[in-house]
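Read off the chains here:
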Amino acid sequence: MIAVLGWTVIVVEMVGGVPRAEGRMIAFRECLARIGLCDVGYSGHAYTWSNKQSGRDNIQECLDRGLATESWMEAFPRFRVSHLT
């Protein structure tokens, strides 16, 4: 199984804006662990979304991620997620 969704999971996945509440990110990571999903990582740009503002108003986040079970990752060891933006 693989899933792709948008959610900031750790603080370093965001530049600018109001930081996400750590408790919400912890709860999300715990939920992923409970259902057996792992982040498969990525290559490419660190941030996949921007509010397209300039200077201090600019916000960038890594929202897109690939998630998979360990068995899926073992079945498809060459699978990679590439951020194109």
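Residues numbered from 1 in each chain as written. Predicted model: local features only at pLDDT ≥ 70, side-chain atom pairs only at ≥ 80, totals over all residues. Heavy atoms only, no water.

With that settled, consider unusual backbone geometry. Phi is positive for K52, which is not a glycine, with a value near 60°. Counting through the fold element by element, K52 comes out in the loop between β5 (49-50) and β6 (60-61). Classification of K52 as exposed rests on a relative accessible area of 74%. (Helix = DSSP H or I, 4+ residues; strand = E, 2+ residues; numbered from the N terminus. Buried < 20%, exposed > 50% of the residue type's maximum accessible area, 1.4 Å probe, protein only.)

Let us look at the packing of aromatic side chains. Taken as a whole and assessed by the stated rule, the structure comprises 2 aromatic pairs. With a centroid separation of 4.7 Å and 35° between ring planes, the pair formed by W72 and F76 is classed as tilted. Here W72 falls in the buried class, since its relative accessible area comes to 17%. Seen in terms of ring centroids, W72 and F79 are 4.9 Å apart; in terms of plane orientation they differ by 85°. Their pairing is edge-to-face. We classify F79 as partly exposed; its relative accessible area is 32%. A connected cluster of aromatic rings, assembled from ring pairs, spans W72, F76 and F79. (Phe/Tyr/Trp six-rings, centres within 6.5 Å; stacked < 30°, edge-to-face > 60°.)

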